[in-house]
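Take a look at the letters that make up each chain.
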Amino acid sequence: MRDVRGLPFNIFMHLEQGMSEGELLLRAGKPDMQSTENMRNDIVKTYYYFPTSSDPWITTIRLSGGRIASLERIKKFQ
């Protein structure tokens, strides 16, 4: 398993719905994990950025049609 990079808040706050996948990856970098689904002929990707000791949040970013459809950030430990 590779090292977890996480997603610092100062980067997360510059992400928004409708942003392209390319811009997301340019700003946030490669996710710690990703999944891909085919939902009624639309490719839906979910990117996961896992918590680190300095940034205890798991960030989930869902893309539909190559654009950010939703962003979620949940605190996992203190």
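Please read these numbers as outputs of a predicted model, since none were measured by experiment. (Residues numbered from 1 in each chain as written. Predicted model: local features only at pLDDT ≥ 70, side-chain atom pairs only at ≥ 80, totals over all residues. Heavy atoms only, no water.)

Peer 1: Got a minute to help me understand the packing of aromatic side chains in this structure?
Peer 2: Pairs of aromatic rings are described using the distance from one ring centre to the other and the angle between the two planes. One pass over the full model with this rule turns up two aromatic pairs. Here Phe9 and Phe12 contribute two aromatic rings whose centre-to-centre distance is 6.3 Å and whose plane-to-plane angle is 35°, an arrangement assigned as tilted. Remark: Phe12 and Phe9 occur in helix H1 (residues 9–12); sequence separation between them is three residues, near one turn of the helix. When the ring centre of Phe12 is taken as origin, the NZ or CZ atom of Arg73, which lies over that ring, is 5.0 Å away. (Phe/Tyr/Trp six-rings, centres within 6.5 Å; stacked < 30°, edge-to-face > 60°. Helix = DSSP H or I, 4+ residues; strand = E, 2+ residues; numbered from the N terminus. Lys NZ or Arg CZ within 6 Å of the ring centre and 35° of its normal.)

Peer 1: What should I look at first to understand the nonpolar core in this one?
Peer 2: Among soluble globular proteins, nonpolar side chains are generally buried collectively. In terms of nonpolar packing, the biggest core is built from 11 residues, these being Leu7, Phe12, Leu15, Met19, Leu24, Ala28, Tyr47, Tyr49, Ile61, Leu63 and Ile68. Counting residues per element, the ones that place at least two in this core are helix H2 (21–28), strand E2 (42–49) and strand E3 (57–64). Look past the residues within four positions of Ile61 in its chain and what remains in contact with it is Leu7, Leu15, Leu24, Lys45, Thr46, Tyr47, Tyr49, Ile68, Ser70 and Leu71. (Core = buried A, V, L, I, M, F, W, Y, C linked by side-chain atoms within 4.5 Å. Buried < 20%, exposed > 50% of the residue type's maximum accessible area, 1.4 Å probe, protein only. Contact = heavy atoms within 4.5 Å.)

Peer 1: Mind showing me how you'd approach H2 here?
Peer 2: Residue pairs spaced three or four apart in an α-helix point in one direction, given the helix's 3.6 residues per turn. Glu21, Leu24 and Ala28 are the residues of H2 that are buried. Summarising the axial view, the buried residues of H2 lie within an arc of 60°, below the 170-degree limit, and thus occupy one face. On its buried face, H2 sits against H1, E2, E3 and strand E4 (67–75). Gly29, located one to two residues past H2, shows a positive phi value of around 80°. (Arc of directions from axis to C-beta.)

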